[in-house]
Amino acid sequence: MTAHSARRTWLAALGGLAGLALTAGMAGGAAAQSLGDLPEELQALYTDGIPVGPSAYDDFQMPAKPWRWCHSESYMGNPWRVSAANELKRLVENAKAEGLVSEFEMSDSNGDVTQQIAQIRAFMDKGCSVITMIAGSSTALNDVIEAAYKAGIPVVTTASAVTSPYALNIQHNHNVWGYNMGKGVAAYLNGPGNVLEVEGIPGSPIVAQENSGGERAFAEHPDITILGRVSGNWTANVTKSVVLQFLATNPSPIDAVWTTGSETRVIAEAFEEAGRPVPLITGSMSGDALGYWKEHQDTFKFYGGAILPTVASHNTYRAAVRLLEGQQPIVNTIIVPVPEIKQE
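Residues numbered from 1 in each chain as written. Predicted model: local features only at pLDDT ≥ 70, side-chain atom pairs only at ≥ 80, totals over all residues. Heavy atoms only, no water.

Take the overall build of the chain next. Across its full length, the chain carries twelve helices and twelve strands. Restricting the contact set of the chain to residue pairs at least 6 apart, pairs at least 24 apart contribute 74%. Of the roughly 14300 Å² of accessible surface on the chain, a fraction of 52% belongs to carbon and sulfur atoms. (Helix = DSSP H or I, 4+ residues; strand = E, 2+ residues; numbered from the N terminus. Contact = heavy atoms within 4.5 Å. Areas by Shrake-Rupley, 256 points an atom, 1.4 Å probe, with all protein chains shown as cover.)

Okay, structure coming up:
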């Protein structure tokens, strides 16, 4: 996939987002009708694996400008999260220069859900106009999200949908993403084979969705053997360490690695350091992986897509601004497609 075609896919997704951010409060039946009005490729993203309900933000009284923008991070321990936070800060600072925003504040709970709840309550006490977040749990934050909503503070999540009806979730369908990675492995193997799974942060809402999607795909191919699953925390050094440990204790041939993160390069390097053939690796393409691919064009095997932190930040920012400006989304979860990248 070229950068130009990836951009076209992203713009199509934003067009779908616009179609779901209609004015005049409409209830659940209208939400279902609105999904039916989307292009077929966007309708396909709304599956049973991702619950979608009516938005709570019809007739919601939004705060006046300038807005105090608060962002709650659950874990800043990997480059993806840092890039996403930095890009969101840049976008909000631009809005600040235009007089739309008075202040931007960010917190990081470092994987502690209880701490994230406390930080969100502190944001509420400070009078934040909007709270954007990457949630550390799909359910544990529901009470504080409801409290923020009742206090007149809209909540927008990205890369971590919550089950609260009082949030607006902007995300990819990570269940479909995990499923597609599994189907990519099956297509490559075209029969029996051994697979190692490398998940992200255990307990993360999207990890549960991705794992469920992967399991669904592999259940359709019972001749594929899952040798094991390790947790890489979407962090390069952790991923490399756990893969090396697995290789050291499991001598069976590995034909593919199912993963959904952007640690493709370090997984390949772990196999090289262990003296093992580098298998097909799935995941989200990143700059360092592209460099590795260029250097190893004859041996590197990849299937995946581009879940980019800057795109996540732009989608979050645009959705939050549209909410604050009084546009009323019909559904509580807006799903953005993932551009596909594969070896031709």
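After that view, the rundown keeps rolling.
A word on the packing of aromatic side chains. Two measures describe an aromatic ring pair: the distance that separates the ring centres and the angle between the ring planes. Summed over the entire model, instances satisfying the criterion amount to nine aromatic pairs. The interplanar angle of 15 degrees and the centroid separation of 5.5 Å between the aromatic rings of tryptophan 69 and tyrosine 317 together place this pair among those described as stacked. Remark: tyrosine 317 occurs in helix α12 (residues 309-324) and tryptophan 69 occurs in strand β1 (residues 67-73); sequence separation between them is 248 residues. With respect to class, tryptophan 69 is no different from tyrosine 317; both count as buried. Judged by centre distance (6.2 Å) and plane angle (20 degrees), the ring pair of phenylalanine 300 and phenylalanine 302 falls under stacked. In terms of burial, phenylalanine 300 and phenylalanine 302 fall into one category: buried. Taken together, the ring pairs connect Tyr57, Phe60, Tyr149 and Tyr166 into an aromatic cluster. Over the face of the ring belonging to tyrosine 179 we find arginine 216, whose NZ or CZ atom lies 4.3 Å from the ring centre. (Phe/Tyr/Trp six-rings, centres within 6.5 Å; stacked < 30°, edge-to-face > 60°. Buried < 20%, exposed > 50% of the residue type's maximum accessible area, 1.4 Å probe, protein only. Lys NZ or Arg CZ within 6 Å of the ring centre and 35° of its normal.)

With an omega of -5 degrees, the peptide bond between lysine 65 and proline 66 qualifies as cis. Inspection of the secondary structure assignment puts proline 66 in the loop between α3 (40-43) and β1. Phi is positive for asparagine 190, close to 55 degrees, though the residue is something other than glycine. Positionally, asparagine 190 belongs in the loop between α7 (174-189) and β6 (193-199).

Okay, the pattern of salt bridges next. Scanning all chains against the criterion turns up 13 salt bridges. Across the pair arginine 81 and glutamate 73 runs a salt bridge, and its minimum N-O distance is 2.9 Å. For arginine 81, a relative accessible area of 5% corresponds to the buried category. Here glutamate 269 ties to arginine 265 by a salt bridge, and the two come within 3.0 Å at their closest N and O atoms. Of this pair, glutamate 269 and arginine 265 are both found in helix α10 (residues 264-273), four residues apart, which corresponds to roughly one turn of the helix. Residue classification places arginine 265 among the partly exposed residues on the basis of a relative accessible area of 21%. One connected set of salt bridges, linked through shared partners, spans Lys240, Arg265, Glu269, Glu273 and Glu295. (Salt bridge = Lys/Arg side-chain N within 4 Å of Asp/Glu carboxyl O.)

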